[in-house]
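# A structural walkthrough
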Amino acid sequence: MNKLMFLSLWAVATSVLPIDLNSSNAQLSHKEVKTIEKEHIDPTRSLYEELHLSTILKYEAFEQAMQGYSALNFKNKDIITIIDFTLPSTDKRMYVIDLKNKKLLYHTIVSHGRNSGEKFATAFSNKHGSFQSSLGFYSTAGTYQGGNGYSLRLNGLEEGINDQALARAIVMHGADYCSQDIIRSTGRLGRSYGCPALPRELNKPIINTIKNGTMMFIYAGNKDYLASSKVIKLKPMLPNPTMIAEHQEAPKTEQKAVLN
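Within each chain, residue numbers correspond to sequence positions counted from 1 in written order. In view of the model being predicted, local features appear only for residues whose pLDDT reaches at least 70, and side-chain atom pairs are presented and counted only at 80 or more, with totals across whole chains, interfaces and linings using the full set of residues. Only hydrogens and water are set aside; all other atoms, that is, all heavy atoms of the structure, feed into the side-chain values.

## Section: the overall build of the chain
Helix and strand counts for the chain come out as eight helices and 10 strands. Between buried and exposed lies partly exposed: a residue is buried under 20% and exposed over 50% of the maximum accessible area for its type, with that area taken using a 1.4 Å probe on protein chains only. In the chain, which comprises 260 residues, the proportion classed as buried is 44%. Contact between two residues is taken to exist if any of their heavy atoms lie within 4.5 Å; hydrogens are not considered. In the chain, once contacts between residues fewer than 6 apart in sequence are set aside, the share between residues at least 24 apart is 63%. A total of about 14500 Å² of accessible surface is found on the chain, and carbon and sulfur atoms cover 55% of it. Secondary structure elements are defined from DSSP: runs of H or I of at least 4 residues count as helices, runs of E of at least 2 residues count as strands, and each element is numbered from the N terminus. Note on areas: these come from Shrake-Rupley sampling with a 1.4 Å probe, and a residue is covered only by the protein chains present in the view.

This is the structure:
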């Protein structure tokens, strides 16, 4: 009888002993969890973090750029350019990124069209004579020497949004009004006729880096553009604290942005 009671007590005691977290079963569960986590990593978010862009480029701009990068055909897939027109012209809002080597090559100021706005670009157009910037995806073409010096032709890839870029002579070029001296004297950059104009000293090296078939994406968080674009497919907003913060920090002017 005593022996039977002892065995019963021993069975109860061993059933409540703490599990050894270092056991092979516990390790297996941990590996399974890690595998599941790896399978659910967003590759766009992962690339964004590898490029260390979180402090200088909105994730939403990068995410939309990568949608176009995947959906459209480009001759040179190694290099992409993103311009973020939610930022004022006093900020560095152009990013040239080497995706192959995962490096940010250039981060610089860039001008917008004179009828797109003053310090902020808030109005956009595909129309001739509008002197406004056009949003969306472009493929870079060849270079030439023009009235603004060394210049780069841009092919607008979105019908009704920027497909008149070549006909409107919307090109990338250098400009004296795109400089820190102008910012210091006027509080903003000078403006173009709709071209993304660069500082003179960076114009040639940037053009030589991005010419001949790379992607350029001009972003503005513009609702009309998003409604018209056949490239960008909006995803349901996730409760991601970083993305929420980015939306909260966006300037009020972008809510008034229009697309003609």
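## Brief notes about helix 6 (residues 200-210)
Within the span of helix 6, buried status applies to Asn203, Ile206, Ile207 and Ile210. Down the axis of helix 6, the sector holding all buried residues measures 100°, keeping them to one side. Residues of helix 6 that are exposed and point over 90 degrees away from its buried face: Glu201 and Lys204. Of all possible arcs, the one meant is that of the directions from the helix axis to the C-beta atoms.

## A word on the nonpolar core
As a rule of thumb, nonpolar side chains are buried together in soluble globular proteins. What is meant by a nonpolar core is a set of buried Ala, Val, Leu, Ile, Met, Phe, Trp, Tyr and Cys residues, joined one to another through side-chain atoms within 4.5 Å. Counting residues in each nonpolar core, the largest one holds 53 residues, and the members touching the most others are Phe62, Ile82, Phe85, Ile97 and Met172. With six residues, the single largest contributor to this core is helix 4 (residues 59-71). Contacts of Ile97, omitting those with residues within four sequence positions, involve Leu51, Leu53, Phe62, Asp78, Ile79, Ile80, Ile82, Lys103 and Leu104.

## Things to note about the pattern of salt bridges
By salt bridge we mean one thing: a side-chain nitrogen of Lys or Arg within 4 Å of a carboxyl oxygen of Asp or Glu. Overall, the coordinates contain six salt bridges when judged by the stated rule. When the shortest N-O distance is used, the salt bridge between Arg191 and Glu118 registers 3.6 Å. With Arg191 in the loop between helix 5 (180-186) and strand 8 (197-198) and Glu118 in the loop between strand 3 (103-108) and strand 4 (123-124), this residue pair connects regions lying 73 residues apart in the sequence. Looking at Arg191, the relative accessible area reads 25%, which means it is partly exposed. Assessed through its relative accessible area of 48%, Glu118 is described here as partly exposed. A salt bridge links Arg184 to Asp181, with the nearest nitrogen and oxygen atoms 2.4 Å apart. Residue Arg184 and its partner Asp181 are located together in helix 5, separated by three residues, close to a single helical turn.

## Observations concerning helix 4
How far a helix is expected to stretch is found by multiplying one less than its residue total by 1.5 Å. The end-to-end C-alpha distance of helix 4, which contains 13 residues, comes to 18 Å, matching closely the 18 Å that a straight helix rising 1.5 Å per residue would cover. Summarising burial for helix 4: 11 of the 13 residues are buried, a large majority. All of the buried residues along helix 4 are Tyr59, Glu60, Ala61, Phe62, Glu63, Gln64, Ala65, Met66, Gln67, Gly68 and Tyr69.

## Here's the deal with the pairing of strand 2 (residues 94-98)
Where burial is concerned, most of strand 2 is hidden: five out of the five residues are buried. Residues Met94, Val96 and Asp98 of strand 2 are buried on one face, and the alternating residues Tyr95 and Ile97, pointing to the opposite face, are buried as well. When strand 1 (residues 79-84) meets strand 2, the two strands line up antiparallel, connected through five bridges. Across the sheet, the residue bridging to Ile83 is Met94, located in strand 2. As paired elements, strand 2 and strand 3 share five bridges and run antiparallel to each other. Looking across to strand 3, one finds that Val96 is bridged to Tyr106. Any two strands with at least two DSSP bridges between them are considered paired. Remark: four residues form the turn of the hairpin made by strand 2 and strand 3, two consecutive strands paired antiparallel; Lys102 in that turn has positive phi of roughly 55°.

## Some thoughts on the packing of aromatic side chains
Two aromatic rings, drawn from Phe, Tyr or Trp (for Trp, its six-membered ring), form a pair once their centres lie within 6.5 Å of each other, and the interplanar angle then sorts them: stacked below 30 degrees, edge-to-face above 60, tilted otherwise. For the structure shown, the criterion picks out six aromatic pairs. Judged by centre distance (5.5 Å) and plane angle (45°), the rings of Tyr48 and Phe62 are tilted. A residue pair is termed long-range when its members are at least 10 positions apart, and Tyr48 in helix 3 (residues 43-50) and Phe62 in helix 4 qualify at 14 residues. Note on accessibility: Tyr48 and Phe62 belong to one class, buried. For the pair Phe85 and Phe124, a centre-to-centre distance of 6.3 Å together with 15° between the ring planes defines the contact as stacked. Taken together, the positions of Phe85 in the loop between strand 1 and strand 2 and Phe124 in strand 4 put the pair 39 residues apart, joining distant regions of the chain. Phe124 shares its class with Phe85; the two are buried. The aromatic ring of Tyr150 is capped on one face by Lys204, whose charged end is 5.8 Å from the ring centroid. Two thresholds decide whether a charge sits over a ring: the Lys NZ or Arg CZ must be within 6 Å of the ring centre and within 35 degrees of the ring normal.

## Digging into the sheet that holds strand 6 (residues 149-156)
Paired through their backbone hydrogen bonds, the strands of a sheet run either parallel or antiparallel. Strand order in this open sheet of eight strands is 3-2-1-9-5-6-7-8, and the pairing throughout is mixed. Strands with a single pairing partner mark the edges of an open sheet, and in this sheet they are strand 3 and strand 8. Sheet topology note: the strand 5 (residues 136-146)/strand 6 ladder contains seven bridges and is antiparallel. The partner of Gln145 across the bridge, within strand 6, is Tyr150. Every angle, taken between N-to-C directions, lies between 0 and 180 degrees, and every axis is a line fitted to C-alpha atoms, over only the stretch in contact when it is a helix. Against the sheet, helix 4 touches strand 1, strand 2, strand 5 and strand 9 (215-219), its axis set at about 140° to strand 9.

Don't take any of this as a statement about function, it's just geometry.
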